[in-house]
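Structural overview
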Protein chains: 2
Amino acid sequence: MTQKQEQLSKNQQIVLSIIEKAKGPLKAYSILYNVQRRGIKAPLQVYRALEKLIEIGKIHKIKSKNAFIACKNSDCEISKATAFSICNNCEHVKEIKNTKLSKYLSNFEDNSGMKYKKYNLEFFGLCKNCKLKQ
Amino acid sequence: MTQKQEQLSKNQQIVLSIIEKAKGPLKAYSILYNVQRRGIKAPLQVYRALEKLIEIGKIHKIKSKNAFIACKNSDCEISKATAFSICNNCEHVKEIKNTKLSKYLSNFEDNSGMKYKKYNLEFFGLCKNCKLKQ
DNA sequence: TAACAAACGTTATATTATAACAAATTAAGG
DNA sequence: CCTTAATTTGTTATAATATAACGTTTGTTA
């Protein structure tokens, strides 16, 4: 028997697979709509799965959108340190994987010398595509 | 006549004054409850004032809390670049004013060379007080 | 003072999220 | 294998957050 199975439950698997297949962040009720054929009937079933998936770092919540996206980063340490870029035009969201940035933020001390274990950063701008089209 | 009056309307003034007096971030419906004696009766009146106040940089929205806090920073450029520290224990929220950090983030380029005009950063940890008490 | 924009008031409703409770399932140790 | 505890589930109801749509009023500017 290994230490931790981290085996996902049925609902958790269903919700995760929908989020992983998606091209962008999904909203909770859109997930619900998408999984109703698979037996998940109530919002709470979705929210419970989401909560667990966030806890174990499989997905992140994009707070400015109240939407959920799969984690592509093996090293965001159970979702303690997240950074995203968000296009104001097409709403495209991408997780930022940048060692310098994450080191900088993880080591950041505020003016009183206080350090923080966790952060969430959301950048807004125009993605390349949308910039070209302007 | 000056260029821009930036004169706040009645409702905007009422909502702003409540937020400025508060010790921490306020939720929209708590604001509503607090201003009902002053003639504001409906959520929309509060949300409209909030929207405007955010737009002109007088307040910020703490996204992880769905709550609103007065801006103490004269230079956050109409709320384009915001950073907060949030205590996980007492929920104390403070706007971070740190030139190095804001320069670093304003100049940040992602791996594709993309730059962003706007960001929101929320740090989580234990504030000094709560750290001592542990 | 006409014309336009901004703000207002109001009702209704959409969207996002959680409480509470009982039943079913799973993991692990004796 | 059995039992105990923890987790997950299913379900109903409801809380909390936010916006749509409409017509009116106020404020600004030419």
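What you see is a predicted model; the values in this text were computed from it and never measured.

Rules of the game
- Residues numbered from 1 in each chain as written.
- Chains lettered and ligands numbered in written order.
- Predicted model: local features only at pLDDT ≥ 70, side-chain atom pairs only at ≥ 80, totals over all residues.
- Heavy atoms only, no water.
- Least-squares fit on C-alpha atoms with pLDDT ≥ 70 in both.
- Contact = heavy atoms within 4.5 Å.
- pLDDT = per-residue confidence, 0-100.
- Helix = DSSP H or I, 4+ residues; strand = E, 2+ residues; numbered from the N terminus.
- Buried < 20%, exposed > 50% of the residue type's maximum accessible area, 1.4 Å probe, protein only.
- Pairing = 2+ DSSP bridges.
- Near = heavy atom within 4 Å.
- Polar contact = N/O pair within 3.5 Å; in protein donor to acceptor, adjacent residues only side chain to side chain.
- Nonpolar A, V, L, I, M, F, W, Y, C, P; charged D, E, K, R; others polar.
- Axes fitted to C-alpha atoms, helices over the stretch in contact; angles between N-to-C directions.

**As for the relation of the copies chain A and chain B**
When chain A is fitted onto chain B, the two copies agree to an RMSD of 0.0 Å after a turn of 180° and an axial shift of 0.0 Å. Interpreted geometrically, this transformation is the action of a two-fold axis. The C-alpha atom lying nearest the rotation axis in chain A is that of Leu121 of chain A; the distance is 2.1 Å. Same-surface contact between copies: 100% of interface residues of chain A are shared with the interface of chain B.

**Focus: the confidence of the model for chain A**
All names here are of chain A. Looking at chain A, the pLDDT average stands at 90 and 90% of residues meet or exceed 70. Of all secondary-structure elements in chain A, the lowest mean pLDDT belongs to helix 5 (residues 128-133), at 84, while strand 1 (residues 26-27) reaches the highest, 98. Counting interchain partners and residues more than four positions distant, the pLDDT-below-50 stretch residues 1-5 has 0 contacts.

**Digging into the pairing of strand 6 (residues 118-125) of chain A**
Here strand 6 of chain A lies mainly inside the structure; 7 of its 8 residues are buried. Pairing geometry for strand 4 (residues 81-87) of chain A and strand 6 of chain A, over 7 bridges, is parallel. For Cys87 of chain A, the partnering residue across the bridge sits in strand 6 of chain A and is Gly125 of chain A. Two strands pair when backbone bridges link them, and strand 6 of chain A and strand 5 (residues 118-125) of chain B are joined in this way by 7 bridges, in the antiparallel orientation. Its bridge partner lying in strand 5 of chain B, Lys118 of chain A is registered against Phe124 of chain B.

**Some details on the protein's contact with DNA strand D**
In the vicinity of DNA strand D lie 17 residues, with Gln45 and Arg48 of chain A together with Lys27, Leu44 and Lys61 of chain B positioned nearest. Within 4 Å of the protein, the atoms of DNA strand D are drawn from sugar and phosphate moieties in a proportion of 45%. A distance of 2.9 Å separates a base nitrogen of DNA strand D from a polar side-chain atom of Tyr29 of chain B. In the model, a phosphate oxygen of DNA strand D is placed 3.0 Å from a nitrogen or oxygen of the Tyr47 of chain B side chain. Secondary structure elements with two or more residues in the surface near DNA strand D: helix 1 (10-21) and helix 3 (43-55) of chain A together with helix 3 (43-55) of chain B. Tallied by class, residues from the surface near DNA strand D come to 5 nonpolar, 5 polar and 7 charged.

**Some words on the protein's contact with DNA strand C**
The environment of DNA strand C is formed by 17 residues, the closest being Lys27 and Lys61 of chain A together with Ser9, Gln45 and Arg48 of chain B. In DNA strand C, the atoms that sit within 4 Å of the protein are 47% sugar and phosphate, with bases accounting for the remainder. Within the side chain of Lys61 of chain A, one N or O atom sits 2.5 Å away from a phosphate oxygen of DNA strand C. At a separation of 2.8 Å, a phosphate oxygen of DNA strand C approaches a polar side-chain atom of Asn11 of chain B. Every element with two or more residues in the surface near DNA strand C is listed here: helix 3 of chain A together with helix 1 (10-21) and helix 3 of chain B. For the surface near DNA strand C, the element with the highest residue contribution is helix 3 of chain B, accounting for 4 residues. The residue inventory of the surface near DNA strand C, partitioned by class, reads 5 nonpolar, 5 polar and 7 charged.

**Focus: the pairing of strand 4 of chain A**
When a strand is regular, its side chains alternate between the sheet's two faces. In terms of burial, strand 4 of chain A is largely enclosed, as 6 of its 7 residues are buried. The hairpin formed by strand 4 of chain A and strand 5 (residues 93-95) of chain A contains 5 residues between the paired strands, and Glu91 of chain A there has a positive phi angle of roughly 70°.

**Here's the deal with unusual backbone geometry**
Here Asn66 of chain A, not a glycine, exhibits a phi torsion of approximately 45°, which is positive. Notably, Glu91 of chain A is not glycine yet its phi reads approximately 70°, a positive angle.

**Overview of the sheet that holds strand 6 of chain A**
Across the sheet, which stays open at both edges, the 6 strands sit in the order 5(A)-4(A)-6(A)-5(B)-3(B)-4(B) with mixed pairing between neighbours. Edge positions in the sheet fall to strand 5 of chain A together with strand 4 (93-95) of chain B, since each has one partner strand and no second. Averaged over neighbouring strand pairs, the angle between their axes works out to 15° when direction is ignored. Docked against the sheet, helix 4 (residues 99-106) of chain A engages strand 4 and strand 6 of chain A together with strand 5 of chain B, running at close to 130° with respect to strand 6 of chain A. Along the sheet face, helix 4 (residues 99-106) of chain B touches strand 6 of chain A together with strand 3 (81-87) and strand 5 of chain B and points at about 130° away from the line of strand 5 of chain B.

**Some words on the sheet that holds strand 1 of chain A**
All names here are of chain A. The antiparallel open sheet is built from 3 strands, whose spatial order is 1-3-2. Each of the sheet's edge strands pairs with one partner strand only, and the pair in question is strand 1 and strand 2 (59-62). Bridge count for strand 2 against strand 3 (residues 67-70) is 4 bridges, and the pairing is antiparallel. For Ile62, the partnering residue across the bridge sits in strand 3 and is Ala67.

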